[in-house]
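# Coordinate analysis (summary)
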Amino acid sequence: MSHRSFDPITLEVLWGRLIAIVDEAAVTLIRTSFSTVVRESFDFSCVLTDSRGNSLAQATLSIPSFIGTLPQTVKHFLRFFPEDTLRPGDVLITNDMWLGTGHLPDVNVAKPIFRDGKLIAWAASVAHAPDIGGKIRSPDPRDVFEEGLQIPPMKLSDGGKVDEVLLKLIRANVRVPDQVVGDLWAQLAALDVSEQRLLGMMEEYGLDEVDDLAAAIQGVSESAMRAAISALPDGDYVHELQTDGLAVPITLRLKLTVRGDQIHCDFTGSSDQVDRALNVVPAYRDAFTMYAVKCALSPHVPNNEGAFRPITLDAPEGSILNPRFPAAGGCRVLVGHYLPTLVFTALSNVIPDQVMAATGSPVWCVNVGGLTEKGRRVSTMFFVNGGTGAAQSRDGYTCLSFPSNVSNTPVEIMESNAPWTVESKALVPDSGGPGRHRGGLGQSLKLRIVSPGTVSVSFLAERTRFPAPGLFGGGEGGAGAVILNGQLIDPKVTHIVESGDLLELRTPGGGGVGKPNERCQAALQRDIEQGYVTVSDARKRYGANV
């Protein structure tokens, strides 16, 4: 069988078209979604894969972890549903932790795309549902059965006929069924857009199949990544860090081995799995680790399967990064989001200009369940980001999530969709780690509860014990805190609040880069004038005479 080749110009044009297709699908998902999690915070992804499930193109707004997990989910679908069991109009669905993204709220759907009766590609989407039943999302659950409804790999649509029994089952098990099912319909609309636009592009360019184009695109990305790895000195690069954890910290240890044009990441020495919802399944671990390697070594080539082929990963079974069933993983971000810092710090001495200091915001969010002032039941979540780490060439970004790219939820959305009033929202002075380049600042958000009944609140909050460290002499960022009525509370357990209570989330700042006394005086003076750095902190941590 002959394989079609593509000249560089045609390849670039088609590559751009594929990205435009999934970008249009993403816009469709945003504009037709029901929940704020999708339409305001962008906690979703849309991708195209080849016929075998290898990633081909991702939407620009996609969550980084989903770039890695979603194509793997498509491959799992193919194991459960071989090609001869599929037909046009099928849509497959699952939220299985180990086959999906690592926690149940992420609902994965995929649609096989056919041309002339042959499976040629897949359109896939994953979106964070506003609720999936079980306990309100928190680190509390001890196993996956406490975390909500589990949907095994199955057909949501069979030849275009939707499984109404499954939809009834989903609606009966979630707190906000209209939002959950509404978002699911939005995902299906996004799949339809991807299918229609891909078939239209193939007709326009006379393409009979996608696999040859996919192989060409993936080959370019793979070559770029292998060249970038080859530029590194061979060796073992090791780093270890601790997260806030639970009663005791959680240790993450990485040995990153470079040999020629390949990298192997070994997490031996990391903590054992825990009986709380902090465990990280391999797909999520691999996604954020490979994402960090790509950010550091080959950031400008669009993401697809080829870029990740030179990277292998391993962690001991039963560890926090390779847990055994039925481990809970609803809050796996509280561990998984540290993996890019682990990679960057391990490589910092050999590529100092290509990494950044530790971020202050492995994603922060508040989950809420209860009644609004008018008695309407709500179950949702809002993101409140801290600061990112600085780099050799710039300050850290303020109130920006990394390594995820979820957006801060607007105040208006918070107040209209949950039983509270936002009393204040402000940057936290001195929370950015000092350095030649300063870390990004955290923020303070104060919420006054206004509900006719009690309200359940839980948090995804880290760096309350271990602030984000700096690099190359830079200082650590400010620590985070969750405060209820003036008292520090444990962010790892669910709390019951009532009308009149005042809740404050104070997110952490990012680490600085370079010695603080090397910061440009004009930049420091500007920080003081804008309220980012106080005069006392400028004197104490920067050694400034102001």
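Coordinates for the structure precede this section.
Each residue is numbered by its place in its chain's sequence as written, counting from 1. Note on the predicted model: pLDDT of at least 70 is required for a residue's local features to be given, and 80 or more for side-chain atom pairs to be given and counted; whole-chain, interface and lining totals, by contrast, use all residues. The side-chain figures draw on all heavy atoms in the structure; neither hydrogens nor water molecules are used.

Turning next to the nonpolar core. Core analysis: the largest hydrophobic core is formed by 135 residues, its most contacted members being Leu 18, Leu 198, Leu 252 and Leu 297. Helix and strand assignments follow DSSP, with helices taken as H or I runs no shorter than four residues and strands as E runs no shorter than two, numbered in order from the N terminus. Looking at which element gives the most residues to this core, the answer is helix α5 (residues 177-205), with eleven residues. Only heavy atoms enter the contact rule, under which two residues are in contact if any of them lie within 4.5 Å. With residues up to four places along the chain from it excluded, the contact list for Leu 18 reads Leu 48, Leu 56, Ala 57, Leu 198, Met 201, Leu 213 and Ile 217. Here, the term nonpolar core denotes a set of buried Ala, Val, Leu, Ile, Met, Phe, Trp, Tyr and Cys residues that are joined through side-chain atoms within 4.5 Å. Burial classes: relative accessible area under 20% of the type maximum marks a residue as buried, over 50% as exposed, and values in between as partly exposed (1.4 Å probe, protein chains only).

What follows covers the side chain of Asp 430. For Asp 430, the position within the fold is in the loop between β14 (420-427) and β15 (443-449). Those residues in contact with Asp 430 that sit more than four places away from it in its chain are Tyr 532, Val 533, Thr 534, Asp 537 and Arg 541.

With that out of the way, let us pick up helix α10 (residues 339-347). By the criterion of burial, α10 is predominantly enclosed, with eight of the nine residues buried. For α10, the complete set of buried residues consists of Leu 339, Pro 340, Thr 341, Leu 342, Val 343, Phe 344, Ala 346 and Leu 347.

This next bit is on the pattern of salt bridges. Think of a salt bridge as a Lys or Arg side-chain nitrogen and an Asp or Glu carboxyl oxygen that are within 4 Å of each other. Tallying each qualifying case throughout the model produces 34 salt bridges. Residue Glu 240 is joined to Arg 253 by a salt bridge in which the shortest nitrogen-to-oxygen separation is 3.7 Å. Remark: Arg 253 occurs in strand β9 (residues 250-259) and Glu 240 occurs in strand β8 (residues 235-243); sequence separation between them is 13 residues. You can call Glu 240 partly exposed: its relative accessible area is 46%.

Note on pairing: DSSP must find at least two bridges between two strands before they are called paired. Strand order in the open sheet made by the seven strands is β2-β1-β5-β4-β3-β6-β7, with antiparallel pairing throughout. Two strands close off the open sheet at either side, each with one partner strand: β2 (55-58) and β7 (161-162). Two strands pair when backbone bridges link them, and strand β3 (residues 91-94) and strand β6 (residues 154-158) are joined in this way by three bridges, in the antiparallel orientation. By the bridge assignment, Ile 93 is partnered in β6 with Met 154.

Let us now look at helix α3 (residues 64-80). To estimate the expected span of a helix, count its residues, drop one, and scale the result by 1.5 Å. Over its 17 residues, α3 runs 26 Å from end to end, which matches the ideal 24 Å to within 8%, given 1.5 Å per residue. For α3, the tally of buried residues reaches twelve of 17 residues, placing the bulk of the element in the interior. Listed in full, the buried residues belonging to α3 are Pro 64, Ser 65, Phe 66, Ile 67, Gly 68, Thr 69, Leu 70, Pro 71, Thr 73, Val 74, Phe 77 and Leu 78.

Now for the packing of helix α7 (residues 282-297) against α10. For helices, the axis comes from a line fit to the C-alpha atoms of the stretch in contact; other axes are also lines fit to C-alpha atoms, and the angle between any two N-to-C directions lies between 0 and 180 degrees. Their axes nearest at 8 Å, the elements α7 and α10 cross at an angle of 40°. Between α7 and α10, the angle is such that the two are oblique. Considering how the two elements wind past one another, α7 and α10 form a crossing that is right-handed. Residue-level inspection shows Arg 285, Phe 288, Thr 289, Ala 292, Val 293, Cys 295 and Ala 296 of α7 in contact with α10, the latter providing Leu 339, Pro 340, Val 343 and Phe 344. Note that Gly is not counted as nonpolar here; it falls among the polar residues with everything else outside the nonpolar set of Ala, Val, Leu, Ile, Met, Phe, Trp, Tyr, Cys and Pro and the charged set of Asp, Glu, Lys and Arg. In the contact of α7 with α10, the residues fall into nine nonpolar, one polar and one charged. Any angle from 65 to 115 degrees is called roughly perpendicular, while one under 35 is roughly parallel, one over 145 is roughly antiparallel, and all others are oblique. Working rule for handedness: look at the near helix, and if it is turned counterclockwise from the far one by less than a right angle, call the crossing left-handed; if clockwise, right-handed.

Here the focus is the environment of Gly 387. As for its placement among the helices and strands, Gly 387 is situated in the loop between β13 (377-383) and α11 (411-417). Look at Gly 387 and you get buried, because its relative accessible area is 0%. Between the C-alpha atoms of Gly 387 and Leu 198, which are 189 residues apart in sequence, the distance is 38 Å. Excluding residues that lie within four positions of it along the chain, Gly 387 makes contacts with Thr 359, Gly 360, Ser 361, Tyr 397, Cys 399, Leu 400, Gly 440, Leu 441, Gly 442, Pro 508, Gly 509 and Gly 510.

On to the sheet that holds β13, then. Within the open sheet, the four strands sit side by side as β13-β12-β16-β19. Their pairing is antiparallel. The sheet terminates laterally at β13 and β19 (495-497), the two strands that pair on one side only. Looking at each pair of strands side by side, their axes are set apart by 25° on average, direction ignored. Here strand β16 (residues 455-460) pairs with β19 via three bridges, running antiparallel. Within the sheet, the bridge partner assigned to Val 455 lies in β19 and is Val 497.

In this fold, Asp 183 is placed in helix α5. Apart from the residues lying within four places of it in its own chain, the contact partners of Asp 183 are Leu 29, Ser 33, Phe 34, Ser 35, Val 38, His 128 and Pro 130. As used in this structure description, the phrase polar contact means that two N or O atoms lie within 3.5 Å; if the pair is within protein, one of them must be able to donate a hydrogen and the other to accept it, and residues adjacent in sequence are counted only when both atoms belong to side chains. There is a polar contact of 2.6 Å between the side chain of Asp 183 and the backbone nitrogen of Phe 34. Engagement of the side chain of Asp 183 in a polar contact is seen with the side chain of Ser 35, the distance being 2.5 Å.

Right, let's get into the packing of α3 against α7. Relative orientation of the contacting elements α3 and α7 amounts to 125°, with a least axis distance of 8 Å. The angle between α3 and α7 falls in the class oblique. Crossing hand, α3 versus α7: right-handed. In this structure, α3 uses Pro 64, Ser 65, Gly 68 and Thr 69 to contact α7, whose residues at the interface are Ala 283, Tyr 284, Ala 287, Phe 288 and Tyr 291. Split by residue class, the contact of α3 with α7 holds six nonpolar, three polar and no charged.

Our focus in this paragraph is the packing of aromatic side chains. Between the rings of Phe, Tyr and Trp (Trp by its six-membered ring), a pair exists once the centres lie within 6.5 Å; its type follows the angle of the planes, with under 30 degrees stacked, over 60 edge-to-face, and the other angles tilted. Applying the stated criterion across every chain yields a total of seven aromatic pairs. Between Phe 288 and Tyr 291, the aromatic rings sit 6.3 Å apart at their centres with planes inclined by 70°, giving edge-to-face as the arrangement. Residue Phe 288 and its partner Tyr 291 are located together in helix α7, separated by three residues, close to a single helical turn. By way of ring pairs, the aromatic residues Tyr 284, Phe 288, Tyr 291, Phe 344 and Phe 402 are connected into one cluster.

Its location among the elements puts Asp 106 in strand β4 (residues 106-115). Excluding residues that lie within four positions of it along the chain, Asp 106 makes contacts with Phe 66, Thr 94, Asn 95, Thr 101, Val 126, Ala 127, His 128 and Arg 332.

Right, let's get into unusual backbone geometry. Peptide bonds are mostly trans, and most non-glycine residues show a negative phi. With an omega of 5°, the peptide bond running from Phe 325 to Pro 326 counts as cis. Of note, the bond from Phe 402 into Pro 403 is cis; its omega dihedral lies within 30 degrees of zero at 15°. In this fold, Pro 403 is placed in the loop between β13 and α11. A positive phi angle, close to 60°, is found at Arg 463, a residue other than glycine. Along the polypeptide, Arg 463 turns up in the loop between β16 and β17 (481-484).

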